[in-house]
Amino acid sequence: MLSRIADSMFWLARYMERAEDTARILDVNYHMLLEQSAVPYRLRWDPLVVMAGEQERFAQFYEEANAQTVYEFLAFRADNPNSIVQCITKARENARTIRDRISREMWEDINGLYYSVTRFDPAEQISSGPHRFCDAVKFGCHRFFGVTDATLPHDEGWDFLKIGWSLERAEMTARLVDLQFQSLLETPTVVGPADNHQWMAVLKSVGAYEAYRRQYHSPIEPERVAEMLILHSKHPRSIRFSITELQIGLRAISGTGPGFYANEAERLTGKILESLRYDTVEEIFRQGLHGYLTDLLANCRAIGEDIAHIYFYYGAGE
Amino acid sequence: MTSAPLQALHGGLFEGYDTGAFFDEMFLAPGVPRPHYAKLFRMLGATPQAQFEDRRNLADIAFLLQGITFTVYSDGTGTERLFPFDLIPRILPHSEWDRIERGLSQRVVALNLFLQDVYGQQRILKERKIPRSLVYSCHHFHREMIGVEVPHGIYTHICGIDLVRSTKTGEFLVLEDNVRTPSGVSYVLENRQVMMRTFPDAFQSYEVRPVHHYPTELCRILRTLSPRGEDNAQVVLLTPGIYNSAYFEHSFLAQQMGIELVEGRDLIVDAGMVYMKTIHGLQRVDVIYRRVDDEYLDPLVFRPESLMGVPGLMGAYRSGNVALANAVGNGVADDKAVCAYVPDFIRFYLGEEPILGTVETYLCSRPDDLSYTLAHLPELVVKAVGESGGYGMLIGPASDEETIEIFRKKIEADPRNYIAQPVIGLSRVPSYDVESKRMAGRHVDLRPYCLYDGQSVTIIPGGLTRVALKPGSLVVNSSQGGGSKDTWVLRDDS
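Only a predicted model underlies this, so the values are computations on that prediction, with no experimental measurement involved.

Asks: Before we move on, could you go through the overall build of chain B and cite the residues and values that matter?
Replies: Along the backbone of chain B there are 16 helices and 25 strands. For 494 residues, the compact-globule estimate of 2.2 N^0.38 gives 23 Å, and chain B sits close to it at 23 Å. When its C-alpha atoms are laid out on the principal axes, chain B stretches across 75 × 60 × 50 Å. Residues counted as buried form 46% of the 494 residues belonging to chain B.

Structure representation (structure tokens):
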């Protein structure tokens with residue numbers, strides 16, 4: 001497979017996953033925050049921007065983070081390269097450069113999604129709330145991955161899609177957990193039932209609320225939420241699950257067997273995964289959740305850079 | 001059933017249809033369809049306007065979803081536009097197509113022999129069948145190609161030859177040859193696909209010859225060119241990239257043939273071999289179906305600033321380590337001035353009379369033709385010899401005095417660069433007019449696609465019918481408001 005095509009596959013999947021994750025987080029938090037009008041809301045809307053890693057850019061356009069500005073910024077702004085519409089635009093752009101390598105159904109599906117999200121009128125959507133829009137994006141992305149699964153041969157192209165979305169998902173979940181814990185545990189003004197709602201929102205934004213209920217039958221406890229989102233072996237949006245998928249994809253590409261690694265990306269992935277498999281949530285909290293997740297995110301970034309170096313941008317003679 | 005046509009004419013989509021002073025592909029006379037159009041005419045006449053609109057929308061959505069668009073650069077940023085598709089097919093009966101097919105095959109073989117000769121022995125120049133100065137002054141004549149042995153002696157693997165039907169005689173004439181990197185064949189295949197979904201009933205009543213074997217046939221020919229033999233052929237399609245107006249077609253053909261779509265930056269020449277950069281290292285490339293123009297192929301030989309090309313590619317090509325389709329230097333054969341000599345090529349190389357006529361052409365490089373052209377500018381179409389796509393063109397009857405005078409100066413300054421042709425009253429096919437919501441006659445041309453493997457010429461039945469959708473317009477190019485139609489070649493005559 002051409003390096004350029006592998007590169008586009010990887011980013012196609014990353015952008016789709018980023019669009020979906022942003023839509024989920026926006027949708028859930030927006031509605032949760034509307035119920036929380038008592039808490040000073042400037043404090044509450046900020047984390048959504050921080051999570052997207054876009055505080056500086058946000059500050060260029062808006063004075064205040066509130067329901068309207070955050071929604072517009074995360075969903076529609078053309079000058080925010082990580083807004084949902086921009087992610088889908090770039091995903092489609094990547095698909096367009098490799099449309100001969102993806103299935104016709106995949107192309108028609110992502111092209112249709114692009115036209116449907118760009119057809120939403122931002123002003124109208126901002127006044128009517130993000131649910132309809134976010135739902136369209138969420139299901140649009142699910143459908144795309146479903147169509148892909150059903151129509152694309154599960155060969156190298158598929159493996160590059162897989163490492164793209166799993167790496168992106170691991171990073172998004174890590175950022176979500178990190179931020180929510182910082183803001184919920186370190187903000188003394190928030191007490192009682194409000195807390196409970198916010199933990200529910202965290203679970204819902206990764207679609208894990210019902211699963212949590214089934215598994216723990218207990219009131220929502222922060223440590224259990226963290227356990228579910230970081231260490232759960234079966235929940236498809238937990239960090240451990242995503243890194244496991246990443247490892248499967250990387251090994252399929254290089255042909256490396258279990259217990260070995262062919263490159264730096266595989267070594268780091270294996271290392272993180274061991275820790276995710278054998279650490280308990282109590283140990284993580286003892287050493288500091290924020291520090292743990294910061295290290296993990298740094299490793300994910302290094303993995304991404306290494307993938308680019310090994311497979312996409314090597315020079316002649318390397 | 002005899003009253004059906006008349007009913008259809010009154011009140012249906014054909015209400016007020018005027019065949020005008022032109023050859024109408026559907027009608028013999030007002031309300032009287034030609035035999036091969038009779039069934040379609042009855043069917044359309046019985047279709048309520050709302051239902052027709054409905055089907056039109058379906059077709060448009062299908063094109064949009066598949067991203068069958070071309071890129072227009074008007075406001076500095078490229079925008080994707082749909083290539084308008086008109087639902088009324090252009091139908092050619094078997095006997096008519098048969099003659100076209102024989103005529104085109106003959107022409108393709110002669111063009112290939114001319115290219116072999118002009119870059120080889122140059123017999124035709126020595127015997128003065130065409131002025132040496134005319135050949136050597138072509139922009140696209142590349143001395144670099146003299147003496148190069150191309151695989152199996154094939155230059156013109158893929159040709160798109162533009163035909164028009166003259167209103168005067170009803171005969172098909174050759175307007176121009178495209179033997180460099182002709183585009184548009186993807187529309188032929190996609191138009192058919194969409195048409196079969198939109199009008200399945202029409203296909204049930206006609207025996208339309210299929211077109212979808214084109215990519216298979218093209219791929220077969222490309223594989224035979226491999227320097228390592230057909231079984232080890234790594235074939236790729238070289239595209240200028242996503243911003244090229246024909247990018248859709250490049251990716252479509254690569255996908256249909258199951259070959260890699262590459263850009264210049266994916267290829268590397270090392271020790272005279274061409275490789276592509278893959279995730280598992282470099283892989284040798286044998287055949288390149290290139291959709292990049294000669295001038296941009298190799299910055300070491302042609303334009304040094306080109307980023308689309310591959311440094312060293314021409315060296316690998318000349319040493320026979322990689323095959324290119326079409327060959328480099330073909331532009332000398334489709335130069336609009338050289339085109340006028342193709343009937344002579346056919347006589348010279350094949351000893352046959354040309355089956356298809358050619359549109360009468362005045363070469364401004366000849367003094368007599370020049371003075372005729374300058375004296376009759378308001379009646380003529382003037383074209384720059386190296387241009388295509390409807391650019392650099394004067395349509396005398398449709399131009400004001402000022403434009404004509406500007407062209408007069410250009411011609412006088414560089415006569416070799418211009419040719420003139422009489423205005424051809426292109427034939428018309430009923431097409432749906434969005435404004436009046438009725439059928440109206442619109443001018444069409446026809447570009448069949450010919451594939452040559454060195455032994456025989458394969459032409460997919462029909463080709464691309466381009467239609468000038470603006471009322472009265474004679475310019476069918478997509479960049480100038482043209483659209484396209486599905487083209488049906490029937491197994492028999494009706």
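Asks: Give a detailed account of the interface of chain B and chain A, specifying residues and quantitative values.
Replies: Between chain B and chain A, the residue contacts involve 19 residues of the former and 17 residues of the latter. Listing elements by their share of the side of chain B that touches chain A, those giving two or more residues are α3 (49–65), α10 (247–257), β9 (260–262), β10 (267–270) and β11 (273–278) of chain B.

Asks: I'd like to hear about the nonpolar core, residue by residue, with values.
Replies: The biggest cluster of nonpolar side chains holds 230 residues, and the ones touching the most others in it are Ala19 of chain A together with Cys450 of chain B. Ranked by the residues each element gives to this core, the list is headed by helix α1 (residues 3–35) of chain A, at 16 residues. Counting contributing residues, this core receives three or more from each of domain 1 (1–152) and domain 2 (155–318) of chain A. Leave out the neighbours within four places in its chain, and Cys450 of chain B touches Leu104, Val108, Cys159, Ile161, Val457 and Ile459 of chain B.

Asks: Residues and numbers for the packing of helix α9 (residues 214–224) of chain B against α10 of chain B, please.
Replies: When two helices pack together, their arrangement is given by the angle between the helix axes and by the axis-to-axis distance. Residues and elements named next belong to chain B. Two numbers describe how α9 lies on α10: the axes approach to 9 Å, and their chain directions differ by 80 degrees. It follows that α9 is roughly perpendicular to α10 by the angle criterion. For the pair α9 and α10, contact is made by Pro215, Leu218 and Cys219 and by Leu253, Gln256 and Met257, respectively. Looking at the contact of α9 with α10, its residues break down into five nonpolar, one polar and no charged.

Asks: An account of helix α12 (residues 222–231) of chain A is needed here, citing residue identities and associated values.
Replies: Judged by how many residues are buried, α12 of chain A sits mostly within the fold: seven of ten residues are covered. Turning to α12 of chain A, its buried residues number three or more, namely Val225, Ala226, Glu227, Met228, Leu229, Ile230 and Leu231 of chain A.

Asks: Please set out the packing of α3 of chain B against helix α7 (residues 185–198) of chain B residue by residue, giving values where relevant.
Replies: Residues and elements named next belong to chain B. Here α3 crosses α7 at 145 degrees, and the two axes come no closer than 10 Å. α7 is crossed by α3, and the crossing has right-handed handedness. Of the residues in α7, those touching α3 at Arg55, Leu58, Ala59, Ala62 and Phe63 are Val194, Arg197 and Thr198. When grouped by side-chain class, the residues that make up the contact of α3 with α7 number five nonpolar, one polar and two charged.

Asks: Tell me about the sheet that holds strand β8 (residues 235–238) of chain B, and name the residues and values.
Replies: In a beta sheet, neighbouring strands pair by backbone hydrogen bonds and run either parallel or antiparallel. Residue and element names in this part refer to chain B. Taken together, four strands build an open sheet; the order of strands is β9-β8-β13-β14 and the sheet is parallel. Here the strands that pair on one side only, and so sit at the sheet edges, are β9 and β14 (323–325). In this sheet, adjacent strand axes meet at a mean angle of 30 degrees when their direction is disregarded. Two strands pair when backbone bridges link them, and β8 and strand β13 (residues 287–290) are joined in this way by four bridges, in the parallel orientation. Looking at β13, one finds that Leu237 is bridged to Tyr289. Relative to β8, α9 is tilted by about 110 degrees, and along the sheet it contacts β8, β13 and β14. Relative to β9, α10 is tilted by about 150 degrees, and along the sheet it contacts β8 and β9.

Thresholds applied
- Throughout, a residue's number is its position along its own chain's written sequence, starting from 1.
- In the order they appear in the text, chains get letters beginning with A and ligands get numbers beginning with 1.
- pLDDT decides what is reported in this predicted model: residues at 70 or higher carry local features, side-chain atom pairs at 80 or more are listed and counted, and totals for whole chains, interfaces and linings draw on all residues regardless.
- Secondary structure elements follow DSSP: runs of H or I of four or more residues count as helices, runs of E of two or more count as strands, with numbering from the N terminus.
- Our radius of gyration looks at C-alpha atoms and nothing else; its globule reference is 2.2 Å times the residue count to the power 0.38.
- In this scheme the burial state of a residue depends on its C-beta neighbours within 10 Å: 20 or more other such atoms mean buried, 12 or fewer mean exposed, and anything in between means partly exposed; the C-beta positions come from the backbone.
- What counts as a contact here is a pair of residues whose C-beta atoms, placed from the backbone, lie within 7 Å.
- In this description, a nonpolar core means buried residues of the types Ala, Val, Leu, Ile, Met, Phe, Trp, Tyr and Cys, linked to one another by C-beta atoms lying within 7 Å.
- An automatic or database domain assignment provides the domain bounds reported here.
- Helix axes are fitted to C-alpha atoms over the stretch in contact, other axes to C-alpha atoms as well, and angles between N-to-C directions run from 0 to 180 degrees.
- These descriptions rest on fixed angle ranges, namely under 35 degrees for roughly parallel, over 145 for roughly antiparallel, 65 to 115 for roughly perpendicular, and the rest for oblique.
- Ten residues, namely Ala, Val, Leu, Ile, Met, Phe, Trp, Tyr, Cys and Pro, are considered nonpolar, four, namely Asp, Glu, Lys and Arg, are considered charged, and the remaining ones, Gly among them, are considered polar.
- Crossing handedness is read from the near helix: turned anticlockwise from the far helix by less than a right angle, it gives a left-handed crossing, and turned clockwise, a right-handed one.
- A pair of strands is considered paired only if DSSP assigns at least 2 bridges between the two.

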